[in-house]
Amino acid sequence: MAEPTTGSGSARQRVAEALRTAAHRFPDLPPTTLDVAALDRRDARLALAIHRTVLQRWITLEYLLDRHLRQPMHQLEPALRAVLLSAAAQLLFMDRLPTHAVVNESVNLAGRMVRPGAAGLVNAVLRRLAEQVVQAAHDQPWVAARDRLPLDDGCVVLRDPCLPDPGNFVEHLAVATSHPAELVKQWSQTFGPDTTTTICQHGVVCPPTIVAVEPDFHAQASEDWHSHAQPGFIVWQGPHDRLAAFCQSPPVRRVQDPASAEPVQATGHLSPGGVIDYCAGRGTKTRQLAALHPDARIVATDTDRNRLCDLRAACAACPNVTVVEPEKMAGALVDRPVDLLVLDVPCSNTAVLARRPEARYRFSAATIESLAELQRAIIEQTIHLLHPGGHLLYSTCSLEPAENHEQVEWIRRQFAAQLVHQSLTTPSGTSTSYHDGSYHALLRMN
């Protein structure tokens with residue numbers, strides 16, 4: 001839910017402009033970061049909250065808006081869809097914002113961004129939608145019902161029982177929690193209804209910022225953080241500028257979810273001399289490797305040039321890490337064998353949908369098949385770098401068997417590898433118990 005504020009036209013316009021671009025591409029949404037640099041702190045927080053809520057609740061919002069439109073949402077021009085989605089997110093899920101302010105500013109936005117005649121349509125639709133919200137029941141746990149939508153801390157109660165019947169498990173959960181029906185069906189077949197419901201609920205919570213800290217860190221009372229249920233982590237609640245300073249001293253501190261830390265932690269019993277982190281991204285796991293294996297020489301890379309630049313900056317304070325271009329990887333560890341190959345491969349992100357909400361809309365069988373092919377290509381390109389008897393750490397932030405267990409079985413058959421350990425964590429929790437999902441497997445090469 002948003003912080004108490006009266007809101008700002010500039011904040012709402014910034015969100016609508018970004019959503020107009022997203023509406024052009026939906027459901028194929030790329031990773032999106034809203035630019036709020038021109039907004040003051042209050043407006044920036046409002047804009048980020050609206051934008052995140054729309055991305056998390058897109059299917060739900062379109063379903064409820066369609067009830068008040070003659071023409072389906074997906075047939076409207078992107079600018080009009082953007083204004084309606086942004087306003088609906090505020091009316092349904094941000095109860096501390098005055099209804100009249102949301103409606104009035106959205107009507108004005110429609111007149112400026114779409115066309116003068118769109119203002120009347122937006123006004124009528126939003127007023128009817130606002131009438132459907134009875135209350136946000138923050139002390140009432142969500143249960144599957146035709147008039148309930150889940151919140152982090154309760155549920156939204158609707159005046160009319162207009163959601164799909166909970167007896168149709170897939171359809172109801174898809175609309176109530178804004179996940180594609182194909183994804184809900186896949187999870188229900190893999191995990192069963194109870195775990196699937198938990199995963200879907202988790203996909204619409206507001207994820208906290210979690211920081212990994214040094215083992216001897218004492219989480220004394222602070223206005224900037226409080227302890228996480230998982231030892232070695234805190235939940236950051238202070239401003240971003242203080243977070244950057246906090247993470248610099250000591251440099252082992254890093255923004256990282258506990259589930260994201262599990263793969264590298266699984267290598268703690270090893271004593272590698274040489275380590276390759278091939279899909280290092282922006283260096284979070286690389287820094288974790290450097291701290292866990294201070295005597296190892298770690299060579300890290302990424303195929304994306306922008307991420308490679310960020311990786312160099314992130315690892316500048318890690319003396320045992322060398323960052324190189326992918327094409328230079330083969331010769332980077334000629335002075336010692338590669339005992340550990342870390343492959344945190346590109347994936348569907350279905351284990352981290354609270355943090356990557358747009359990824360859910362890209363899910364399809366074809367997408368999973370394409371990602372699985374890419375993952376196998378990366379394995380085949382890099383596994384020859386590993387010394388006989390060395391270990392391969394394979395990890396994803398996916399819940400899908402085709403990207404996880406099935407890939408590991410393929411590695412075992414293709415390369416005669418021995419499975420040492422594997423683990424799948426499903427996302428759950430809120431606030432101090434929050435964690436994403438993740439998968440990892442450690443294999444020993446013969």
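Cut-offs applied
- Residues numbered from 1 in each chain as written.
- Predicted model: local features only at pLDDT ≥ 70, side-chain atom pairs only at ≥ 80, totals over all residues.
- Heavy atoms only, no water.
- Core = buried A, V, L, I, M, F, W, Y, C linked by side-chain atoms within 4.5 Å.
- Buried < 20%, exposed > 50% of the residue type's maximum accessible area, 1.4 Å probe, protein only.
- Contact = heavy atoms within 4.5 Å.
- pLDDT = per-residue confidence, 0-100.
- Helix = DSSP H or I, 4+ residues; strand = E, 2+ residues; numbered from the N terminus.
- Pairing = 2+ DSSP bridges.
- Right-handed = clockwise from strand over helix to strand, strands pointing away.
- Axes fitted to C-alpha atoms, helices over the stretch in contact; angles between N-to-C directions.
- Salt bridge = Lys/Arg side-chain N within 4 Å of Asp/Glu carboxyl O.
- Arc of directions from axis to C-beta.
- Patch = residues over 30% accessible without salt bridge, like charges linked within 9 Å, V, L, I, M, F, W, Y side chains within 5 Å.
- Areas by Shrake-Rupley, 256 points an atom, 1.4 Å probe, with all protein chains shown as cover.
- Lys, Arg positive; Asp, Glu negative; His and termini not counted.
- Charge placed at Lys NZ, Arg CZ, Asp CG, Glu CD.
- Phe/Tyr/Trp six-rings, centres within 6.5 Å; stacked < 30°, edge-to-face > 60°.
- Lys NZ or Arg CZ within 6 Å of the ring centre and 35° of its normal.

Concerning the nonpolar core
Turning to step 1, where the next piece is worked out: With 77 residues, the main nonpolar core has W58, L65 and L84 as its most contacted residues.
Turning to step 2, where the next piece is worked out: The contacts of L65, once residues within four sequence positions are left out, are M73, L84, L85, A88, V125 and L129.
Turning to step 3, where the next piece is worked out: Core analysis: the second largest hydrophobic core is formed by 27 residues, L341, I383, W410 and Y439 among them.

Some remarks on the confidence of the model for the protein
Turning to step 1, where the next piece is worked out: A residue-level look at the protein finds 97% of positions with pLDDT of 70 or above and a mean pLDDT of 94.
Turning to step 2, where the next piece is worked out: In the predicted structure, residues 1-7 sits below a pLDDT of 50 and forms 23 contacts with residues beyond four places in sequence or in another chain.

Describing the pairing of strand 8 (residues 274-277)
Turning to step 1, where the next piece is worked out: The two faces of strand 8 match: G274 and I276 on one face and V275 and D277 on the other face are all buried.
Turning to step 2, where the next piece is worked out: Sheet topology note: the strand 8/strand 9 (residues 297-300) ladder contains four bridges and is parallel. The residue of strand 9 that forms the bridge with D277 is A300.
Turning to step 3, where the next piece is worked out: Between the parallel elements strand 8 and strand 9, the chain passes through helix 11 (residues 284-292) in a crossover that is right-handed.
Turning to step 4, where the next piece is worked out: When strand 8 meets strand 11 (residues 338-344), the two strands line up parallel, connected through four bridges. Paired with D277 across the strands is V342, a residue of strand 11.

Examining the sheet that holds strand 13 (residues 417-425)
Turning to step 1, where the next piece is worked out: Pairing is mixed across the open sheet formed by seven strands, whose spatial order is 10-9-8-11-12-14-13. Two strands lie at the open edges of the sheet, namely strand 10 (321-323) and strand 13, each paired on one side alone. The average angle at which neighbouring strand axes cross in this sheet is 15°, direction not considered.
Turning to step 2, where the next piece is worked out: Judged from the six bridges that link them, strand 12 (residues 391-396) and strand 14 (residues 438-445) form a sheet pairing that is antiparallel. Within strand 14, the residue paired with S395 across the bridge is H440.
Turning to step 3, where the next piece is worked out: Contacts between helix 13 (residues 365-382) and the sheet are confined to strand 11 and strand 12, with strand 11 contributing the most and set at about 165° to the helix.

Some thoughts on the pattern of salt bridges
Turning to step 1, where the next piece is worked out: Tallied over the full model, the rule gives 20 salt bridges.
Turning to step 2, where the next piece is worked out: Note that K285 and D344 form a salt bridge whose closest N and O atoms lie 3.4 Å from each other. One end of the pair, K285, is in helix 11; the other, D344, is in strand 11, and 59 residues separate them in sequence.
Turning to step 3, where the next piece is worked out: Residue class for D344 comes out partly exposed when judged on its relative accessible area of 22%.
Turning to step 4, where the next piece is worked out: Between R312 and E325 there is a salt bridge, with its nearest N and O atoms 2.9 Å apart. With a gap of 13 residues between them, R312 in helix 12 (residues 305-314) and E325 in the loop between strand 10 and strand 11 connect regions that are remote in the sequence.
Turning to step 5, where the next piece is worked out: On the basis of relative accessible area, R312 is assigned to the partly exposed category, the value being 35%.
Turning to step 6, where the next piece is worked out: Classification of E325 as buried rests on a relative accessible area of 18%.

Comments concerning helix 7 (residues 181-191)
Turning to step 1, where the next piece is worked out: By the burial criterion, the buried members of helix 7 are L183, V184 and W187. On an axial view of helix 7, the arc spanned by its buried residues comes to 100°, and they lie on one face.
Turning to step 2, where the next piece is worked out: On its buried side, helix 7 packs onto helix 6 (169-177) and helix 8 (193-202).

Things to note about a negative patch on the surface
Turning to step 1, where the next piece is worked out: On the surface, D95, D139, D152 and D153 cluster together to form a negatively charged patch.
Turning to step 2, where the next piece is worked out: Among the structural elements, D153 can be located in the loop between strand 2 (148-151) and strand 3 (154-158).
Turning to step 3, where the next piece is worked out: In this structure D153 comes out as partly exposed when scored by relative accessible area, which is 38%.

Side note on the packing of aromatic side chains
Aromatic ring pairs: the centre-centre distance and the angle between the two ring planes describe each pair.
Turning to step 1, where the next piece is worked out: One pass over the structure, following the stated rule, counts eight aromatic pairs.
Turning to step 2, where the next piece is worked out: Taking 5.1 Å as the distance between ring centres and 55° as the angle between the ring planes, the aromatic pair formed by F26 and Y361 counts as tilted. Taken as a pair, F26 in the loop between helix 1 (9-25) and helix 2 (41-66) and Y361 in the loop between strand 11 and helix 13 lie far apart in primary sequence, 335 residues in all.
Turning to step 3, where the next piece is worked out: Here Y361 falls in the buried class, since its relative accessible area comes to 6%.
Turning to step 4, where the next piece is worked out: Taken together through their ring pairs, the aromatic side chains of F217, W225, W236 and F246 make up a single cluster.
Turning to step 5, where the next piece is worked out: One Lys or Arg, R57, reaches over the ring of F93 and ends 4.0 Å from the middle of that ring.

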